[in-house]
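These are the residues of each chain, in order.
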There are 2 protein chains.
Amino acid sequence: MSTKTKRFILPESEIPTAWYNIVADMKNKPLPVLNPGTKQPLKAEDWYPLFAKDLADQEMNQTDRFIEIPEEVRELYKCYRSTPLVRAYGLEKALDTPAHIYFKNESVSPVGSHKLNSALAQAYYCKKEGTTNITTETGAGQWGAALSYAANAFGLELAVYMVKISYEQKPYRRSIMQTYGAQVIASPSMSTKAGRKILTEHPNYQGSLGTAISEAIELAMQTPNCKYTLGSVLNHVSLHQTIIGLEAEKQMAMAGEYPDIVIACFGGGSNFSGIAYPFLRHKISGEKDTRFIAAEPASCPKLTRGVFQYDFGDEAGYTPLIPMFTLGHDFAPANIHAGGLRYHGAGAIISQLKRDNLIEAVDIMQLDSFKAGILFAQTEGIIPAPESSHAIAATINEALKAKEEGKQKTILFNLSGHGLIDMTAYDAYLSDDLTNYELSDEIIKANTCKLEKLI
Amino acid sequence: MSTKTKRFILPESEIPTAWYNIVADMKNKPLPVLNPGTKQPLKAEDWYPLFAKDLADQEMNQTDRFIEIPEEVRELYKCYRSTPLVRAYGLEKALDTPAHIYFKNESVSPVGSHKLNSALAQAYYCKKEGTTNITTETGAGQWGAALSYAANAFGLELAVYMVKISYEQKPYRRSIMQTYGAQVIASPSMSTKAGRKILTEHPNYQGSLGTAISEAIELAMQTPNCKYTLGSVLNHVSLHQTIIGLEAEKQMAMAGEYPDIVIACFGGGSNFSGIAYPFLRHKISGEKDTRFIAAEPASCPKLTRGVFQYDFGDEAGYTPLIPMFTLGHDFAPANIHAGGLRYHGAGAIISQLKRDNLIEAVDIMQLDSFKAGILFAQTEGIIPAPESSHAIAATINEALKAKEEGKQKTILFNLSGHGLIDMTAYDAYLSDDLTNYELSDEIIKANTCKLEKLI
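Worth saying up front: this structure is predicted, and the values here are computed from it rather than measured.

**Q** How should I be thinking about the overall build of chain A in this particular structure?
**A** Counting its regular elements, chain A contains 18 helices and 15 strands. Compactness check: chain A gives a C-alpha radius of gyration of 20 Å against a globular reference of 23 Å for 455 residues, within 12% of the reference. Once the C-alpha set of chain A is aligned to its principal axes, its extents read approximately 60 × 50 × 45 Å. Per-residue burial for chain A yields a buried fraction of 67% across its 455 residues.

Structure below.
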């Protein structure tokens, strides 16, 4: 019993020093992002007004397989990295499965999720080019908390538009951002044209990521020396998150195993990309035949039930047109507690990988996600974020399949964050106060059929 | 810059396999605990009705310097241990101090604090002797959360009496306990004689640790096959916590340093003992001249302003008489947010060490603790528990003294937990809604002068 290693941690000297850029290895590159006016492909410089130049360049980089992590970012990574790779013996035993289950524990970051991996990088590049102010949006607050930490670390002023329902349901995350020194505004707000418009039309609108993005972009464009930052969806965000999978690859080697299946929850794609891409490169090269599963909420199923189409990244239509699996940019997801998964689309890279059948997707019902989360808490001790519980539910399904088939599969999933700030959601679940949300084909069709007109 | 190691983590093979029992090394042993009726010293078997036998034996053990950690407990320690030792470069820079500041990060445990170290051990020994039910009390909820995790891990039913003000102020911790499957009762409650008595006399009483202990003991004594457990104060709890300091000792060696000063916050003594005792053995032996500082809240200053006297551990007087620095067992501490420090007395070992001038104590005002906590969050990224912020405030004071004196001191403090579930307290501080609590000599005298009658 005591000879089994449970946690695998890399020494600081083994933490990867470069991020992995999967686009360089993709046989079919993602379709280009388009200017909505001209319908012409964007160039890197088209992004410069919005994003720091280095980030815009990373966004468009299709050639460099590895991109060096700046020393200043690596120093801050050391505060919590490497994160542990953990063998889930407790969960395996409870499921009585022959599968070996591993999880990468990103919940140990000081803000409790993987989001810090990109927040530190983005704040660094903004600071480097002399930016003084940055803006962003946040859903459940994980990204906002991470960026607040990062902005403070690099001495930047930060304004966060927080989806109103989360602002009210998750006051602790708001306080965390304020503790790090950020300004937090409930979205929709009266501080932007986009916010005023929606509040005029729908005075009680509870907000969405799409609206909050519109507000944050608008503020950034109207503030001198200010850049916008985004916590998911875009290529450069996925790039920064690959530190997760690059570490996990070395740690799986320490454990003497290689995953047959890699699983992560899916909102905009940041934690899924992070754990998947480094392993996916060996599938693209033909060396390995790993399966990759994105676990979506059944109430926001862009990968399984959306259409592949050019669409806006935000509700108001301020962003370029992105080639994505989407439910339509004005799709209003149900108020599930996994706020970080309430986003209408998938990024350009992921969408291409899905088209090429390099990744799979499954839908998880809200109640199944909480049931899985509680089993995980009781067997592995960590209360997972409601988002991460979607990955756990998908993992449990695969582990039970392995049991049925009598096969010893090795499953790796990403525990993107802990749920200690989401206890009201657990409370509601334990009091039988949560429901599943069914989504009719009609609603999906009503939102996506408008997209035809975009191009 | 990148050559500086920030975090020191032991491989699983280096995690200590035995706890350190300081009593074996103490020249002046702690005074014996007394039966309140006969005034005779307790024997180990006198504890058996209340505690698991192995725990009672550990409580009285004055001879074995090291006590082996059972394999089952070591397996569960692996879920989060070793915890990182971290060099606080960010805090050092902000203070512009020549001091080297290290902290042991116990906040990475799944329940967010060091309390799990003893919870796992206590649940194990209860299970081992065939106990099916256990009871306990909890203040801020850190101990209750840890024991809920541990009870679930060993398949025990658990009832937690949670101090009513925390039950209301900290609903997230209540939900965490329920997620692990524990029953949580606000104390004082109508479920015990002790609770009914106090509610009859003071219908709106907000509760205290002393009262909750009385209720938990009463329930344990009246339930078949049930034992009581305690999260602090007693010798066996301190014993289990020494894993903190034993690891830290090895990790400081990895960093090539040895602490001149060791600091921890002080409630009942569990995290202070845990980090201090392993280093203190080298002071007792004359090898080292390290200073040890217990950081108390100014509103509950038993070590600096209490009297050394025999007193009860609980409010109703159910426990044996313990030789302690105390403010009186019916002292009602102010409602500071550091709920885990709201306890009237210090354990027998600590009290003896204080009498022998082997340790020091300082008092920290509530506002100073939050100011320190926010500086720590902004420089090291981790939002500390309000309890731990007392240790940070004391550390900052010592680091600034080192700067004044131009001396390169090495300071080690214990970050006993994170504050992610205490964000309402940070909210209140940031909104200027918190105050300091001054404690007059008259109040202290009024509570402690009654003690004379006890023996």
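**Q** What's the story with the interface of chain A and chain B in this structure? I'm lost.
**A** Bring the parts together and some accessible area is lost; that lost area is often taken as the interface size. Between chain A and chain B, the residue contacts involve 45 residues of the former and 44 residues of the latter. Together, the buried faces of chain A and chain B total about 4,100 Å²; carbon and sulfur atoms form 56% of this surface. Sorting the residues of chain A by area buried against chain B places Arg7, Tyr172 and Thr179 of chain A first, and these three jointly supply 18% of that buried surface. Our count for the chain A to chain B interface comes out at 2 salt bridges. With a closest N to O distance of 3.9 Å, Asp427 of chain B and Arg174 of chain A form a salt bridge. On inspection of chain A and its partner chain B, the count reaches 22 residue pairs in polar contact (both at pLDDT 80 or more).

**Q** Would you take a moment to explain the sheet that holds strand E14 (residues 360-364) of chain B for this structure?
**A** Strand pairing in a sheet relies on backbone hydrogen bonds, with the paired strands running either antiparallel or parallel. Residues and elements named next belong to chain B. Ordered by their spatial adjacency, 7 strands build an open sheet running E1-E4-E5-E15-E10-E11-E14, and the pairing between neighbours is mixed. If you trace the sheet from one side to the other, it starts and ends with strand E1 (7-8) and E14, each paired once. Two strands pair when backbone bridges link them, and strand E5 (residues 100-105) and strand E15 (residues 410-415) are joined in this way by 6 bridges, in the parallel orientation. Across the sheet, the residue bridging to Tyr102 is Leu412, located in E15. Set on the sheet, helix H12 (residues 270-284) makes contact with E5, strand E10 (261-265), strand E11 (291-297) and E15; between it and E10 the angle comes to about 160 degrees.

**Q** Help me understand the packing of aromatic side chains in this model?
**A** When we look at a pair of aromatic rings, we describe it by the centre distance and by the angle of the planes. Under the defined criterion, the tally for this structure stands at 31 aromatic pairs over all chains. Considering the side-chain rings of Tyr20 of chain A and Phe66 of chain A, the 5.5 Å spacing of their centres and the 45 degrees angle between planes classify their relative orientation as tilted. Residue Tyr20 of chain A is found in strand E2 (residues 18-20), and its partner Phe66 of chain A is found in strand E3 (residues 66-68); the two are separated by 46 residues along the sequence. Note on Phe66 of chain A: relative accessible area 38%, which makes it partly exposed. With a centroid separation of 5.6 Å and 20 degrees between ring planes, the pair formed by Phe370 of chain B and Tyr429 of chain B is classed as stacked. A residue pair is termed long-range when its members are at least 10 positions apart, and Phe370 of chain B in helix H15 (residues 366-380) and Tyr429 of chain B in helix H17 (residues 423-430) qualify at 59 residues.

**Q** Help me understand the side chain of Glu106 of chain A, please; the structure alone is not making it clear to me.
**A** Residues and elements named next belong to chain A. Along the polypeptide, Glu106 turns up in the loop between strand E5 (100-105) and helix H5 (116-128). There is a polar contact of 2.8 Å between the side chain of Glu106 and the side chain of Thr83. When neighbours within four sequence positions are excluded, Glu106 is seen to be in contact with Arg81, Thr83, Gly112, Ser113, His114, Asn117, Ile244, Asn414, Leu415 and Ser416.

**Q** Just checking my understanding: could you explain unusual backbone geometry for this structure?
**A** Excluding glycine, residues mostly carry a negative phi; peptide bonds, for their part, are mostly trans. For the bond running from Ser187 of chain A to Pro188 of chain A, omega is 5 degrees, close enough to zero to count as cis. Secondary-structure assignment places Pro188 of chain A in the loop between strand E8 (183-187) and helix H9 (193-201). One non-glycine residue, Lys39 of chain B, adopts positive backbone phi at about 60 degrees. In this structure Lys39 of chain B comes out as partly exposed when scored by relative accessible area, which is 33%.

**Q** Sorry if this is basic, but what is going on with the pattern of salt bridges here?
**A** Between side chains of opposite charge, a pair can form when the charged atoms approach closely. Counting across every chain of the model gives 46 salt bridges over all chains. The salt bridge partner of Glu247 of chain A is Arg81 of chain A, with a shortest N-O separation of 2.8 Å. Pair noted here: Glu247 of chain A is in helix H11 (residues 235-254) and Arg81 of chain A is in the loop between helix H3 (71-77) and strand E4 (85-87), with a separation of 166 residues, a long-range link. Considered together, Glu247 of chain A and Arg81 of chain A belong to a single accessibility category, that of buried residues. One salt bridge in this structure joins Asp422 of chain B and Lys170 of chain B, with 2.7 Å as the shortest N-O distance.

**Q** How do you make sense of the sheet that holds E8 of chain A when you look at a structure like this?
**A** All names here are of chain A. The strand order across the open sheet built from 4 strands is E8-E7-E6-E9, with neighbouring strands paired in parallel fashion. This sheet does not close on itself; its edge strands, each paired only once, are E8 and strand E9 (226-228). Averaged over neighbouring strand pairs, the angle between their axes works out to 20 degrees when direction is ignored. Two strands pair when backbone bridges link them, and strand E6 (residues 133-138) and E9 are joined in this way by 3 bridges, in the parallel orientation.

**Q** What should I look at first to understand the relation of the copies chain A and chain B in this one?
**A** Superposing the two chain copies requires a rotation about an axis and a translation along that axis. For the pair chain A and chain B, the superposition axis carries a translation of 0.0 Å, the fit reaches an RMSD of 0.0 Å, and the rotation angle comes to 180 degrees. Taken together, the rotation and translation describe the operation of a two-fold axis. Interface residue correspondence from chain A to chain B reaches 98%, placing this contact among same-surface, isologous pairings.

**Q** I'm lost on the environment of Val184 of chain B in this one. Help?
**A** All names here are of chain B. Assignment of secondary structure puts Val184 in strand E8 (residues 183-187). According to the relative accessible area criterion, Val184 is buried, its value standing at 11%. With 36 residues separating them in the primary sequence, Val184 and Ser148 have C-alpha atoms 9.8 Å apart. Aside from chain neighbours lying at most four places away, what touches Val184 is Val160, Met162, Tyr167, Arg174, Met177 and Gln178.

**Q** What is the right way to look at the pairing of E15 of chain B in this model?
**A** A regular strand places its side chains on the two faces of the sheet in alternate fashion. All names here are of chain B. Most of E15 sits inside the fold, with 6 of its 6 residues counted as buried. Residues Thr410, Leu412 and Asn414 point to one face of E15 and Ile411, Phe413 and Leu415 to the other, with burial holding for every one of them. In this sheet, E15 lies alongside E10 in parallel orientation, the contact comprising 3 bridges. Each bridged residue has a counterpart across the sheet, and for Ile261 the counterpart in E15 is Ile411.

**Q** Whenever I open this one, the environment of Gly313 of chain B confuses me. Can you help?
**A** Residues and elements named next belong to chain B. Within the element layout of this structure, Gly313 appears in the loop between strand E12 (307-312) and strand E13 (321-326). Separated by 11 residues in the primary sequence, Gly313 and Met324 have C-alpha atoms spaced 9.1 Å apart. With near-sequence residues (within four places) excluded, Gly313 lies in contact with Ile213, Thr319, Pro320, Ile322, Tyr343 and His344.

**Q** So what exactly am I meant to see when it comes to the packing of H12 of chain B against helix H14 (residues 348-355) of chain B here?
**A** Packed helices, taken two at a time, are described by the angle their axes make and the gap between the axes. All names here are of chain B. Between H12 and H14, the least distance of the axes is 12 Å, while the angle of their chain directions is 50 degrees. On the basis of their axis angle, the class for H12 and H14 is oblique. Note that H12 runs across H14; the crossing there is left-handed. Here Phe272, Ser273, Tyr277 and Leu280 of H12 come into contact with H14, specifically with Ile349, Ile350 and Leu353. For the contact of H12 with H14, the class distribution of residues is 6 nonpolar, 1 polar and no charged.

**Q** Even after reading the chapter, I still don't get the packing of helix H15 (residues 366-380) of chain A against helix H17 (residues 423-430) of chain A, so can you show me in this structure?
**A** All names here are of chain A. Running from N to C, H15 and H17 point in directions that differ by 105 degrees, and their axes come no closer than 11 Å. Considered as vectors, H15 and H17 are oriented roughly perpendicular to each other. Mapping the contact onto sequence places Leu367, Phe370, Lys371, Gly373 and Ile374 in H15 and Ala425, Tyr426, Tyr429 and Leu430 in H17. Its residues assigned to classes, the contact of H15 with H17 shows 7 nonpolar, 1 polar and 1 charged.

**Q** Would you mind going over the environment of Glu398 of chain A with me for this structure?
**A** Residue and element names in this part refer to chain A. Assignment of secondary structure puts Glu398 in helix H16 (residues 386-405). Judged by relative accessible area, which is 7%, Glu398 ranks as buried. Residues Glu398 and Gln142, 256 residues apart in the sequence, show an inter-C-alpha distance of 27 Å. Here Lys401 takes part through its side chain, which lies 3.0 Å from a polar atom of the side chain of Glu398.

**Q** Any chance you could explain the side chain of Ser118 of chain B here in plain terms?
**A** As for its placement among the helices and strands, Ser118 of chain B is situated in helix H5 (residues 116-128). Residues in contact with Ser118 of chain B, not counting those within four places in the same chain, are Trp143, Val237, His240 and Gln241 of chain B.

**Q** Please explain the confidence of the model for chain A as it appears in this structure.
**A** Any residue range with low pLDDT should be treated as having predicted coordinates unsuitable for detailed reading. Here chain A averages 94 in pLDDT, and 98% of its residues register 70 or above. The ipTM value of the predicted complex is 0.89, and its pTM value is 0.93.

**Q** How should helix H10 (residues 209-222) of chain B be read in this particular structure?
**A** Two residues of an α-helix separated by three or four positions point the same way, owing to the 3.6 residues in each turn. All names here are of chain B. Compared with the 20 Å implied by 1.5 Å per residue over 14 residues, the 20 Å span of H10 between its first and last C-alpha is a close match. Buried residues dominate H10, accounting for 11 of its 14 residues. Taken as a whole, H10 has its buried residues at Leu209, Gly210, Thr211, Ala212, Ile213, Ser214, Glu215, Ala216, Ile217, Glu218 and Ala220. Packing partners of the buried residues in H10 comprise strand E6 (133-138), strand E7 (157-163), E8, helix H9 (193-201) and strand E9 (226-228).

Parameters and conventions
Residues numbered from 1 in each chain as written. Chains lettered and ligands numbered in written order. Predicted model: local features only at pLDDT ≥ 70, side-chain atom pairs only at ≥ 80, totals over all residues. Heavy atoms only, no water. Helix = DSSP H or I, 4+ residues; strand = E, 2+ residues; numbered from the N terminus. Rg over C-alpha atoms; globule rule 2.2 N^0.38 Å. Buried < 20%, exposed > 50% of the residue type's maximum accessible area, 1.4 Å probe, protein only. Contact = heavy atoms within 4.5 Å. Buried area = accessible area lost by both parts, 1.4 Å probe. Salt bridge = Lys/Arg side-chain N within 4 Å of Asp/Glu carboxyl O. Polar contact = N/O pair within 3.5 Å; in protein donor to acceptor, adjacent residues only side chain to side chain. Pairing = 2+ DSSP bridges. Axes fitted to C-alpha atoms, helices over the stretch in contact; angles between N-to-C directions. Phe/Tyr/Trp six-rings, centres within 6.5 Å; stacked < 30°, edge-to-face > 60°. Least-squares fit on C-alpha atoms with pLDDT ≥ 70 in both. Parallel < 35°, antiparallel > 145°, perpendicular 65-115°, else oblique. Left-handed = near helix turned anticlockwise from the far one by under 90°. Nonpolar A, V, L, I, M, F, W, Y, C, P; charged D, E, K, R; others polar. pLDDT = per-residue confidence, 0-100. Expected span 1.5 Å × (residues − 1).

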